[in-house]
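The residues making up each chain are set out below.
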Amino acid sequence: QLALRLGAHCSRAPWRTDAQLRLALDRPLDPDRPGGRQRWAELRLGAGWQGERYAARLEFNLDHVADHQGYSPLLGAGRVRKVFRQALRAELVRTLDPHWELAASIDYFRQRASLALFEVDNVGLYFGARYRY
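Thresholds applied
- Residues numbered from 1 in each chain as written.
- Predicted model: local features only at pLDDT ≥ 70, side-chain atom pairs only at ≥ 80, totals over all residues.
- Heavy atoms only, no water.
- Pairing = 2+ DSSP bridges.
- Helix = DSSP H or I, 4+ residues; strand = E, 2+ residues; numbered from the N terminus.
- Buried < 20%, exposed > 50% of the residue type's maximum accessible area, 1.4 Å probe, protein only.
- Patch = residues over 30% accessible without salt bridge, like charges linked within 9 Å, V, L, I, M, F, W, Y side chains within 5 Å.
- Areas by Shrake-Rupley, 256 points an atom, 1.4 Å probe, with all protein chains shown as cover.
- Salt bridge = Lys/Arg side-chain N within 4 Å of Asp/Glu carboxyl O.
- Lys, Arg positive; Asp, Glu negative; His and termini not counted.
- Charge placed at Lys NZ, Arg CZ, Asp CG, Glu CD.
- Axes fitted to C-alpha atoms, helices over the stretch in contact; angles between N-to-C directions.

Student: What is the right way to read the pairing of strand 7 (residues 120–131) from this model?
Tutor: Sheet faces and side chains relate simply in a regular strand, where the side chains alternate between the two faces. Relative to strand 7, strand 6 (residues 100–113) is paired through twelve bridges, and the arrangement is antiparallel. In the sheet register, arginine 110 faces strand 7, and the bridge partner there is aspartate 121.

So, in structure tokens, the structure goes:
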């Protein structure tokens, strides 16, 4: 995959923001890969706050992937597959000590495609402990 990635990061305690734009061309090693070459475009935006014991982060992603050739003659009469993804994540973290933290997040993911087989909707709620080395 050949890609160009542009990014910016701004940090002024206790706040941080970042943005990335990635444009890519994916050439398959196997010429029989369904869809052939793929074009990718991704936008990622994030913002966070870091306190002494607590932290919060919000991330938003938009992705677009398009095949160069029809994906399969069995799906959509050989139509080219185009995929659009949206993701949103909000996370809260409580630091317990230098290595352990508790985290909770809610994730929203939506994928739309020109071929219905590739469509996905997901909402997840996550709780857990993390160890940082």
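Student: Mind showing me how you'd approach the pairing of strand 4 (residues 54–70) here?
Tutor: Note that strand 3 (residues 38–50) and strand 4 share 13 bridges and pair antiparallel. Within the sheet, the bridge partner assigned to glutamate 42 lies in strand 4 and is aspartate 63. Pairing of strand 4 with strand 5 (residues 80–95), which is carried by 14 bridges, proceeds in the antiparallel orientation. Residue tyrosine 54 lies in a different strand from strand 5, and its bridge partner there is arginine 94.

Student: Would you mind going over the environment of tyrosine 133 with me for this structure?
Tutor: Examined against the element boundaries, tyrosine 133 turns out to sit in the segment after strand 7. Judged by its relative accessible area of 89%, tyrosine 133 is exposed.

Student: What am I meant to see in the environment of proline 98 here?
Tutor: Its place among the elements puts proline 98 in the loop between strand 5 and strand 6. Looking at proline 98, the relative accessible area reads 75%, which means it is exposed. Expressed as a C-alpha distance, the spacing of proline 98 and leucine 88, which sit ten residues apart in the sequence, is 28 Å.

Student: I'm lost on a positive patch on the surface in this one. Help?
Tutor: Side chains of Arg27, Arg37, Arg39 and Lys82 sit close together on the surface and give a patch of like positive charge. Mapped onto the secondary structure, lysine 82 falls in strand 5. Residue classification places lysine 82 among the partly exposed positions, given a relative accessible area of 39%.

Student: How do you make sense of the sheet that holds strand 3 when you look at a structure like this?
Tutor: Across a sheet, strands are paired by hydrogen bonds formed along the backbone, either parallel or antiparallel in direction. Within the open sheet, the seven strands sit side by side as 1-2-3-4-5-6-7. Their pairing is antiparallel. Edge positions in the sheet fall to strand 1 (2–12) and strand 7, since each has one partner strand and no second. Averaged over all pairs of adjacent strands, the angle between their axes in this sheet comes to 10 degrees, without regard to strand direction. As paired elements, strand 5 and strand 6 share 13 bridges and run antiparallel to each other. Looking at strand 6, one finds that glutamine 86 is bridged to arginine 110.

What is shown is where atoms sit, not what they do.
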